[in-house]
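Chain by chain, the residues run as shown.
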Amino acid sequence: MKRHDGRQPEDLRKMEAKVGVIKNADGSAYFKIGNTWAYAAVYGPRNLYPKFLQDPGRGILRCSYNMMPFSGAGDRVRPGQSRRSKEISFVTVKSLLPVLDLEEYPNSVVDVFIELPQTEAGSRCAGICAASMALADAGLVMKDLVSAVSVGLNGDQMLVDLDYAEEAYEDGPVADIPVAMINRTNEITLLQMDGEVSKDMLLKGISMAKDACIKIYEVQKKALKAKYGSE
Amino acid sequence: MTEVLVKPKDIVVPGELLVKGMDNFPGPGAYRDNEEIYSSRLGVVYIDGRTIKVVPLSGVYIPKTGDTIICKVIDITFSGWRLETNSAYSAMMSLKDATSDYIGRGADLTEYYNLEDHVVCKITNVTSQKLVDVSMREPGLKKLVDGRIVKVNTNKVPRIIGKKGSMVSMIKNATGCRIVVGQNGIVWIQGDVNNEFIAIETIKKIERESHIPGLTNTIKEYLEKQTGKKIEVQNEKA
């Protein structure tokens, strides 16, 4: 069965990615999926104050997720930190840290700023994709790139990369499951869920997310190489 | 059976498979996982014998022993000067490393280097916790008076300097500016105002176009057009 916008259940929305979009940052990228746009800027490793935050064993990673005031379809998003954005910043750090090696940079910090000028579902996943490209662009030591996508239950169907209409479906069970993965090893670094889903459907969703992440990885890889004019 | 899947000078991304098999070693910017070698950086592949390494194209400066860098004085203490190195770590220059002059007890240290002064110095030691010691007791290391400071990508510094300094001396000769390039990506330029701007633009151009072949010629033509002077390119073999 086709979806309301003509996609198959396993299809992603149209993706676009570019690296090096913010000149003053040490590394930057945007990742656009459908109408969700995420820009990420990486600064550092740079010095970290207040001093009690410093870790003499390794550098630390800080992420900030921010939706711009009129980025959503609904009301104006109030600027500044909210409970939601704090949580998303926190899970973004957790999903990116497993690939980063910051032991070379003791007592320092790597700052990642994710800005979303417009969103239509799947914004934390778009943010993670953009941030992982920006970290690579900043020349940091990484085991691999991280790709992320949301899968979800819509009535009785498991779908990849839900848009807002599907996420807001009201005539049946809905679940929204963002997944982030390290592509090479298929390790999952982010798995959240909102809604209700059976075990079988969840496993099906995760395996669909794995296939979708491979497609996203190709887009990320191509964008990183395009900055230096190869391929 | 070893299979090398990349060519020298290929651009690779983190996590990209470079080699299958046990006959090669991972160098800097690469790591081994069981029988395979992967890249751990965005950069260019170099193969040196059996070692395969990835040289980064971007990133901030990390202090290394032996680098000559340009620093700004940010603090003056009892025992020396604290310097800002354009990296995550500041450097310390002690009294005895600062000058060959005798500095007496209770002397006013601002007489030598004051806050906001820029100096060329050399890194003598970097600890595991990235405490950096620098020295100025070597020829060519000095306080920088007048002129202007430009920041460039640290990874492009070797291209700005050129083989045995050929690129930077070409800019010096064409513009008549005095130029010092620090490994930490800070460049000091001093000369006539218009020539300073030409030198800055040239350096920015090198930074932008360093991956395009024929860089020396492009820059030579650019400098000739800007200064209206004919430039003799030094024979690289000489």
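Provided above is the structure to which this section pertains.
These numbers come from a predicted model, not from an experiment.

A. Local environment of the overall build of chain A. What chain A contains, in helices and strands, is 4 helices and 10 strands. Mapped in sequence order, the helices and strands of chain A form the string β-β-β-β-α-β-α-β-β-α-β-β-β-α. What you see for chain A is a C-alpha radius of gyration of 17 Å, in line with the 17 Å of a compact globule of 231 residues. Taking the principal axes of its C-alpha atoms as reference, chain A extends roughly 50 × 40 × 30 Å. Relative to its full complement of 231 residues, chain A shows a buried share of 52%. For chain A, the accessible area works out to roughly 10800 Å², and carbon and sulfur atoms hold 51% of it.

B. The sheet that holds strand β2 (residues 11-12) of chain B, seen in detail. All names here are of chain B. Ordered by their spatial adjacency, 4 strands build an open sheet running β2-β7-β8-β4, and the pairing between neighbours is mixed. Looking at strand neighbours, the two that pair on one side only are β2 and β4 (25-26), the edges of this open sheet. The sheet contact formed by β4 and strand β8 (residues 51-56) spans 2 bridges and is parallel. Bridging from a neighbouring strand, P26 pairs with I52 of β8.

C. Looking closely at the packing of aromatic side chains. For the structure on display, the rule yields 4 aromatic pairs over all chains. Between W81(B) and Y113(B) the ring centres are 5.1 Å apart and the planes differ by 75 degrees, which places this aromatic pair in the edge-to-face class. Of this pair, W81(B) sits in strand β10 (residues 80-84) while Y113(B) sits in the loop between α1 (95-98) and β12 (118-126), placing them 32 residues apart in sequence. In this pair, the class of W81(B) matches that of Y113(B), namely buried. Over the ring of Y38(B) we find R184(A), and its NZ or CZ is 3.9 Å from the ring centre. Taking the ring centre of F197(B) as reference, the NZ or CZ of R148(B) above it sits at 4.8 Å.

D. Spatial organisation of helix α2 (residues 123-137) of chain A. Residue and element names in this part refer to chain A. Helix length check: α2 (15 residues) gives 21 Å between terminal C-alpha atoms against 21 Å at 1.5 Å per residue, within 8%. Burial analysis of α2 places 15 of its 15 residues in the buried class, which makes it a mostly covered element. Looking one or two places after α2, you find G139, whose phi comes out positive at around 75 degrees.

E. Inspection of empty space enclosed by the protein at higher detail. All names here are of chain A. Scanning the model with the defined rule gives 1 cavity of 30 Å³ or more in all. Together, R13, F31, I33, G122, C125, A126, A148, V149, S150 and D161 line the largest cavity. Of all the secondary structure elements, the ones that give two or more residues to the lining of the largest cavity are β2 (27-33), α2 and β6 (146-154). For the lining of the largest cavity, the element with the highest residue contribution is β6, accounting for 3 residues. Of the residues contributing to the lining of the largest cavity, the split by class is 6 nonpolar, 2 polar and 2 charged.

F. Expanded view of the side chain of Q192(A). All names here are of chain A. Here Q192 lies in the loop between β9 (187-191) and β10 (194-195). Reaching out from Q192, the side chain makes a polar contact with the side chain of E87 at a distance of 2.8 Å. Non-local contacts of Q192, meaning those with residues more than four positions away in its chain, are made with E87, V91, R124, D176, I177 and P178.

G. Highlighting the pattern of salt bridges. Per the counting criterion, the structure on display carries 19 salt bridges over all chains. Among the salt bridges present, the one from E196(B) reaches R148(B), with a minimum N-O distance of 2.5 Å. Placement of the pair is E196(B) in helix α4 (residues 193-209) and R148(B) in strand β15 (residues 148-151), with a sequence separation of 48 residues. Given the relative accessible area of 29%, R148(B) is considered partly exposed. Several salt bridges converge on common partners, so that one network encompasses R3(A), D5(A), R7(A), R13(A), D161(A) and E166(A).

H. Spotlight on the interface of chain B and chain A. Facing 24 residues of chain B, the contacting portion of chain A comprises 28 residues. Roughly 2200 Å² is buried in total at the junction of chain B and chain A, and carbon and sulfur atoms are behind 56% of that figure. For the pair chain B and chain A, the interface holds 3 salt bridges. The partner of E16(B) in a salt bridge is K225(A), with the nearest N and O atoms 2.9 Å apart. The interface formed by chain B and chain A includes 12 residue pairs in polar contact (both at pLDDT 80 or more). Going through the elements one at a time, β2, β5 (30-33) and β6 (36-39) of chain B are the ones with two or more residues in the side of chain B that touches chain A. Partitioned by chemical class, the residues of the side of chain B that touches chain A number 12 nonpolar, 8 polar and 4 charged.

About the criteria used
- The numbering scheme is per chain: residues are counted from 1 as the chain's sequence reads.
- Here chains are named by letter from A upward and ligands by number from 1 upward, in the order in which they appear as written.
- Totals for whole chains, interfaces and linings use all residues, but because this is a predicted model, local features are given only for residues with pLDDT of at least 70 and pairs of side-chain atoms are given and counted only at 80 or more.
- Think of the side-chain values as coming from all heavy atoms in the structure, minus any hydrogens and water.
- Elements are defined by DSSP. Helices are runs of H or I of four residues or more, strands are runs of E of two residues or more, and each kind is numbered from the N terminus.
- With the radius of gyration taken over C-alpha atoms, the globule rule is written as 2.2 Å times the number of residues to the power 0.38.
- For every residue, the accessible area obtained with a 1.4 Å probe (protein chains only) is divided by the maximum for its type, and the residue is called buried under 20%, exposed over 50%, and partly exposed between those limits.
- Computed with a 1.4 Å probe, the accessible areas rest on the Shrake-Rupley method; for each residue, only the protein chains presented here act as cover.
- Here, strands pair whenever DSSP counts at least two bridges between them.
- Any two of the Phe, Tyr and Trp rings considered here, Trp counted by its six-membered ring, make a pair once their centres fall within 6.5 Å; the pair's planes then place it as stacked at under 30 degrees, edge-to-face at over 60, or tilted in between.
- We call a charge positioned over a ring when the NZ of a Lys or the CZ of an Arg lies within 6 Å of the ring centre and within 35 degrees of the ring normal.
- One fewer than the residue count of a helix, multiplied by 1.5 Å, yields its expected span.
- Grid points spaced at 1 Å over the protein atoms alone were grouped into cavities, where a 1.4 Å probe fits but cannot get out, and pockets, open sets with protein on both sides within 12 Å along at least five of seven lines, with lining residues defined by an atom within 4 Å of a point.
- Grid points are joined across faces, edges and corners, and a volume is the space filled by probe spheres set on the points.
- Gly is put with the polar residues, along with every residue not named as nonpolar or charged; the nonpolar set is Ala, Val, Leu, Ile, Met, Phe, Trp, Tyr, Cys and Pro, and the charged set is Asp, Glu, Lys and Arg.
- Polar contacts here mean pairs of N or O atoms no more than 3.5 Å apart (in protein, one a potential hydrogen donor and the other a potential acceptor; neighbouring residues in sequence count only if both atoms are side-chain atoms).
- The contact criterion used throughout is that any non-hydrogen atoms of two residues lie within 4.5 Å.
- The term salt bridge refers to a pairing of a side-chain nitrogen on Lys or Arg with a carboxyl oxygen on Asp or Glu at a separation within 4 Å.
- Here the quantity called buried area is the total loss of accessible area, with a 1.4 Å probe, experienced by two parts when brought into contact, counted for both.

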